[in-house]
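# Observations on the model geometry
One letter stands for each residue in the lines below.
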Amino acid sequence: MAGSKEIRTKIKSVENTRKITKAMEMVAASKMRKAQDRMRASRPYAEKIRNVAAHLSFANPEYKHAFLIKRDVVKNIGLIVVSSDKGLCGGLNTNVLRLSVNQMKSWEAEGKKIAVSAIGNKAFGFMNRVSADVKSHIVGIGDVPHLENLIGTIKVMLDAYTNGEIDQLYICYTKFINTMKQEPNLEMLLPLSGEKLGSPNGSWDYIYEPEAQPVVDQLMMRYVESLIYNAVAENMASEQSSRMVAMKSASDNAKNVIGELKLVYNKARQAAITKEISEIVGGAAAVA
Amino acid sequence: MANTVHIDVVSAEASIFSGEAEFVVAPAGGGEVGIYPNHAPMITNIKPGALRIKQTDVAEETLIFISGGILEVQPGMITVLADTAVRGHDLDEAKAIAAKEAAMEAMKNRNSDMDYAAAQAELAEAVAQIQAIQRLRKSTH
């Protein structure tokens, strides 16, 4: 029975792989639910702060925050790339990185300089390998995105914008559409477009305590931070769903492979038995 | 029915409180402010401190600790945009500097210019792998 032992070992190893992918699928499924909840939990804040920011930008024509002013000449561009920390989640990171690289290439062709901020291990590793100008990065965010950890990384880019080192700021992340569908998405963060803020409802003005300017400054900062936080939260929900789907298909594949290997094994076993019987019959005939 | 005002306390990570209140005390930047229903529209920053909310049918005041943020008041609605972390200009600055330095450190040991060809080759390879797996998966069904 030549080769049957090897086939048995192979079946065993595929079975073990399947156990792992199955476990990862289930872990991702439970994490996905939590990640989606967190993504939804961040919406009321974003909605409220958008309202207030919209109102302020209309109510205060005499003071315009730097984030709201469009620059005529765009020479330098900032790009925040959001990826996952871990792999084994299908084409998620590849798609985001491909979109960023294509965009970066066309910017480069227009003679613009690009500064990159990487969120997540995969984006950081990739941008470093291809020698992009990485201004700031954060890796190892874990399963729960905390704004506290993102502040420093974001502030580097926001400061660069305020100082005029970059004239536009984009963010590239995976948008969560539903469990089966996630899309890489490139959005312009700064300058804030008026349409994105929308128009306020009502036309009164606030009493500012202590003064308008610092409050507006703080509010704009928080608004952009909340947009980035939102992108990171969506990216995490996408990561978990994508991983769940990828691991499900890996488990299914392993099942198929096991089926095929079992067939081969049984055929080999049967052939060996047939051979043995014919040898015995042949031997008996020779004796008689 | 007592005169009440709707109050929402939200942070970037979660919705903390939502309900009707008779009276709210918030630690504003310039000192504590007390707000009754039908207050004039006001916007102010908040210092780290306790937010006190007096609800209609609850004897005890609800206490929420917030580490700063923005308070927006409209006649029928109060919104507290709470920060999730303890924030301060120096603290934020320190974080930004730390992030910058980490990036510099990481950039030190690697070759110079962004190599788009290499980047695209690497991505194309990954895409090809994924497509191959998908094809393989289809053909076995």
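Residues numbered from 1 in each chain as written. Chains lettered and ligands numbered in written order. Predicted model: local features only at pLDDT ≥ 70, side-chain atom pairs only at ≥ 80, totals over all residues. Heavy atoms only, no water.

## Side note on the pairing of strand 1 (residues 76–82) of chain A
Two faces belong to every sheet, and in a regular strand the side chains alternate between them. All names here are of chain A. Taken across its 7 residues, strand 1 has 6 buried, putting it largely inside the fold. Of the pairings in the sheet, the one linking strand 1 to strand 2 (residues 113–119) comprises 7 bridges and is parallel in character. Bridge pairing in strand 2 links Asn-76 to Lys-113. Handedness of the β-α-β unit built from strand 1, helix 3 (residues 92–109) and strand 2 comes out right-handed. (Buried < 20%, exposed > 50% of the residue type's maximum accessible area, 1.4 Å probe, protein only. Helix = DSSP H or I, 4+ residues; strand = E, 2+ residues; numbered from the N terminus. Pairing = 2+ DSSP bridges. Right-handed = clockwise from strand over helix to strand, strands pointing away.)

## Digging into the layout of surface pockets
Quantified by volume, the largest pocket comes out at close to 1,100 Å³. Listing elements by their share of the lining of the largest pocket, those giving two or more residues are helix 1 (4–41), helix 3, strand 5 (181–190) and helix 7 (212–287) of chain A together with helix 2 (116–139) of chain B. It is helix 7 of chain A that provides the largest number of residues to the lining of the largest pocket, a total of 10 residues. Taken together, the residues of the lining of the largest pocket break down into 15 nonpolar, 14 polar and 6 charged. (1 Å grid on protein atoms, 1.4 Å probe; cavity = no way out; pocket = protein on both sides within 12 Å on 5 of 7 lines; lining within 4 Å. Points joined across faces, edges and corners; volume = space filled by probe spheres on them. Nonpolar A, V, L, I, M, F, W, Y, C, P; charged D, E, K, R; others polar.)

## Considering the interface of chain B and chain A
Across the contact, 52 residues belong to chain B and 60 residues belong to chain A. Across the chain B/chain A interface, buried area totals approximately 4,800 Å², and carbon plus sulfur atoms make up 62% of it. Broken down residue by residue, the surface that chain B buries against chain A is led by Glu-13, Ile-43 and Tyr-116 of chain B, which jointly contribute 14%. When the shortest N-O distance is used, the salt bridge between Lys-48 of chain A and Asp-8 of chain B registers 3.1 Å. The tally of links between chain B and chain A comes to 6 residue pairs in polar contact (both at pLDDT 80 or more). Of all the secondary-structure elements, those providing two or more residues to the side of chain B that touches chain A are strand 1 (5–11), strand 5 (42–54), strand 6 (62–74), strand 7 (77–82), helix 1 (89–108) and helix 2 of chain B. Per-element accounting of the side of chain B that touches chain A gives the leading share, 10 residues, to helix 1 of chain B. (Contact = heavy atoms within 4.5 Å. Buried area = accessible area lost by both parts, 1.4 Å probe. Salt bridge = Lys/Arg side-chain N within 4 Å of Asp/Glu carboxyl O. Polar contact = N/O pair within 3.5 Å; in protein donor to acceptor, adjacent residues only side chain to side chain.)

## A few points about the confidence of the model for chain A
Per-residue confidence for chain A averages 87 on the pLDDT scale, and 94% of its residues sit at or above 70. Here helix 6 (residues 194–197) of chain A stands out as the least confident element of chain A, with mean pLDDT 61; strand 1 of chain A is the most confident, with 94. (pLDDT = per-residue confidence, 0-100.)

## What to know about helix 4 (residues 121–129) of chain A
Since the α-helix packs 3.6 residues into each turn, any two residues three or four apart lie on the same face. Every buried residue of helix 4 of chain A is accounted for by Ala-123, Phe-124, Phe-126, Met-127 and Asn-128 of chain A. Once helix 4 of chain A ends, the next one or two residues include Ser-131 of chain A, with phi positive near 60°.

## Concerning the nonpolar core
Core analysis: the largest hydrophobic core is formed by 47 residues, its most contacted members being Phe-67, Ile-80, Ile-119, Leu-190 and Leu-192 of chain A. Ranked by the residues each element gives to this core, the list is headed by helix 7 of chain A, at 13 residues. The residues touching Ile-119 of chain A, leaving out its near neighbours within four places in the chain, are Ile-80, Val-81, Val-82, Ser-83, Ile-138, Ile-141, Leu-150, Ile-228 and Val-232 of chain A. With 23 residues, the next largest nonpolar core counts Leu-97, Phe-126 and Val-134 of chain A together with Ala-119 of chain B among its residues. (Core = buried A, V, L, I, M, F, W, Y, C linked by side-chain atoms within 4.5 Å.)

## Details of the pairing of strand 5 of chain A
Residues and elements named next belong to chain A. Taken together, the 9 bridges between strand 4 (residues 168–178) and strand 5 define a ladder with antiparallel strand orientation. Paired with Thr-174 across the strands is Pro-184, a residue of strand 5. The turn linking strand 4 back onto strand 5 is made up of 2 residues.

## Some words on the sheet that holds strand 4 of chain A
All names here are of chain A. The strand order 3-2-1-4-5 describes an open sheet built from 5 strands, whose pairing is mixed. The open sheet has two free edges, formed respectively by strand 3 (134–138) and strand 5, since each of these has just one partner strand. Within the sheet, the average angular offset between the axes of one strand and its neighbour, ignoring direction, is 20°. In the packing of helix 3 onto the sheet, the strands contacted are strand 1, strand 2, strand 4 and strand 5, and the crossing angle to strand 1 comes to about 175°. (Axes fitted to C-alpha atoms, helices over the stretch in contact; angles between N-to-C directions.)

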